[in-house]
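Read off the chains here:
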Amino acid sequence: DWTRLAKASLVGVVNVGLWPYYWYLAVETFLPAQAPTNLGLPVWLGEWGLLLVKIILDSIINGSFSIFSSFSLWSIMDRDSIEQWKEKFRNSFMETWLMDWKSWPLYNILCFTIIPFRLRPMTSGIASMFWNAYVSHQSQRVDAHKE
């Protein structure tokens with residue numbers, strides 16, 4: 001289905017091409033690459049605490065934005081009414097967001113500890129291809145019930 005491929009490509013440009021670069025730039029700007037050592041905490045505790053904060057923020061902000069933008073873009077491109085858009089969120093957002101919490105923390109541990117900043121958008125793009133297939137399925141699931 002070429003139409004669905006074009007729509008998925010547009011969602012991918014926003015959620016995989018544009019957003020991750022600015023998200024990771026903001027994370028690195030506002031949260032240091034290494035935990036501060038002057039807090040009186042053992043270094044390892046500071047490092048793990050910082051990693052935990054990054055993972056939680058990623059799921060809350062990045063995960064929510066990506067799901068919201070995916071669902072919204074699909075609704076706009078499918079010419080859904082406001083009620084259909086709301087139904088999509090009521091029926092699928094929380095389940096999708098909870099799956100985000102199950103899926104992304106392992107990647108984020110690698111991302112924020114091993115993967116260099118300059119490679120994060122690319123590696124996130126690769127991981128996001130699989131994630132976006134799931135989100136696309138969730139976004140379109142409500143439409144399948146209507147038919």
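Above this text sits the structure in question.
Asks: Quick rundown of the pattern of salt bridges? Include the residues and the values.
Replies: Applying the stated criterion across every chain yields a total of 5 salt bridges. Between E28 and R120 there is a salt bridge whose closest N-O contact spans 2.6 Å. One end of the pair, E28, is in helix α1 (residues 2-30); the other, R120, is in helix α4 (residues 120-146), with 92 residues separating them in the sequence. Among the salt bridges present, the one from D80 reaches K88, with a minimum N-O distance of 3.0 Å. Since its relative accessible area comes to 16%, D80 is described here as buried. By relative accessible area, K88 is classed as buried at 0%. Among the ionic contacts, a cluster of salt bridges with common partners joins E28, K54 and R120.

Asks: Would you mind going over the packing of aromatic side chains in detail, with residue names and values included?
Replies: Here a ring pair, both rings aromatic, is described through the centre-centre distance and the interplanar angle of the planes. Per the stated rule, a full pass over the model turns up 13 aromatic pairs. With centroids separated by 4.1 Å and ring planes inclined at 35 degrees, the aromatic side chains of W19 and F65 adopt a geometry described as tilted. Taken together, the positions of W19 in helix α1 and F65 in helix α2 (residues 43-77) put the pair 46 residues apart, joining distant regions of the chain. For F65, a relative accessible area of 31% puts it in the partly exposed group. Geometrically, the ring pair formed by W104 and W131 is edge-to-face, given 6.3 Å between the ring centres and 80 degrees between the ring planes. Residue W104 is located in helix α3 (residues 82-113), and its partner W131 is located in helix α4; the two are separated by 27 residues in the primary sequence. W131 shares its class with W104; the two are buried. Aromatic rings pair up to connect F68, F71, W85, F89 and F93 into one cluster.

Analysis parameters
Residues numbered from 1 in each chain as written. Predicted model: local features only at pLDDT ≥ 70, side-chain atom pairs only at ≥ 80, totals over all residues. Heavy atoms only, no water. Salt bridge = Lys/Arg side-chain N within 4 Å of Asp/Glu carboxyl O. Helix = DSSP H or I, 4+ residues; strand = E, 2+ residues; numbered from the N terminus. Buried < 20%, exposed > 50% of the residue type's maximum accessible area, 1.4 Å probe, protein only. Phe/Tyr/Trp six-rings, centres within 6.5 Å; stacked < 30°, edge-to-face > 60°.

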